[in-house]
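Chains, contacts and geometry: an overview
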Amino acid sequence: MSNTALIFLRLLASLLLLLIPAAFLYVWFIWEFASLASYFNLSHVIYSELSWLQQGLAMLVSLVPLLLLSVALIHLLKLLREFDSGRYFSFEAVTRLLGFSRFLFFTGIAKFLSYPLLSLIFSWNNPAGQRAFSLQFGSSDLLLILLAGVFMLLSQLMQQGQRLQQENEAFI
């Protein structure tokens, strides 16, 4: 992998790590209520302002996928540091690739699960019979989970290659 690509990926991952909390704070503390509902694509289920408890619960639910994505990005940065040092198949590189892929997978699952929870939280104050339970699963969610699966498979193949290499070294 060229140094330019590594530098670009490290800068991009670092930038995302900085932007995720900034975007979270902006969405929850700067935006108006109507914009917040539109952001989560839930404006059709909300009839009244959210209570402080609802806002707190919604913030916690929406924070989970972002925290998981942040951990995935930290694993990616450490993986890229290994690559930058020329240790492409080291134990650390394989471990970081596995960590990145697992947390990317968990991010996709958490994102899928957060939407129905948010729809319940946002519509809790609605009159009986007008509360909502919405599901949302788009192509970006599917792509994220599939990509995480591919990375998990690659890391497991790399682990198997490490085991075979150690067996060969012990045999010789």
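Refer to the structure presented above.
None of these values were measured; they are calculated from a predicted model.

About the cut-offs
Note that residues are indexed from 1 along each chain, following the sequence as it is written. Where totals are concerned, whole chains, interfaces and linings use all residues; where local detail is concerned, this predicted model gives features only for residues with pLDDT of at least 70, and gives and counts side-chain atom pairs only at 80 or more. Computation of side-chain values: all heavy atoms of the structure, hydrogens and water removed. A pair of Phe, Tyr and Trp rings is counted when the ring centres sit within 6.5 Å of each other, with Trp represented by its six-membered ring. The angle between the planes then sorts it: under 30 degrees is stacked, over 60 is edge-to-face, the rest tilted. Helix and strand assignments come from DSSP, with helices taken as H or I runs of at least 4 residues and strands as E runs of at least 2, each series counted from the N terminus. Definition of nonpolar core: a set of buried residues of the types Ala, Val, Leu, Ile, Met, Phe, Trp, Tyr and Cys, connected through side-chain atoms within 4.5 Å. Burial classes follow relative accessibility: with a 1.4 Å probe on protein chains only, a residue under 20% of its type's maximum area counts as buried, one over 50% as exposed, and anything between as partly exposed. Residue contacts are counted whenever heavy atoms from the two residues lie within 4.5 Å of one another.

1. Some words on the packing of aromatic side chains
If you walk through the whole model with that rule in mind, you get 5 aromatic pairs. Residues Phe 103 and Phe 106 carry aromatic rings whose centres are separated by 6.0 Å and whose planes lie at 90° to one another, so their mutual orientation is edge-to-face. You can see Phe 103 and its partner Phe 106 sitting in helix H4 (residues 91-122), 3 residues apart, about one turn around the helix. The rings of Phe 103, Phe 105 and Phe 106 are connected pair by pair, giving a single aromatic cluster.

2. Side note on the nonpolar core
Ala 13, Leu 73, Leu 76, Leu 79, Leu 80, Phe 83 and Phe 100 are the most contacted members of the largest nonpolar core, which has 17 residues in total. Those elements giving two or more residues to this core turn out to be helix H1 (3-29), helix H3 (52-84), H4 and helix H5 (139-171). Top element by residues in this core is H3. It accounts for 7 residues. Contact partners of Phe 100, with chain neighbours within four places excluded, come to Ala 72, His 75, Leu 76 and Phe 151. Core analysis: the second largest hydrophobic core is formed by 10 residues, Phe 24, Val 27, Trp 28 and Leu 50 among them.

Distances and angles like these do not, on their own, reveal function.
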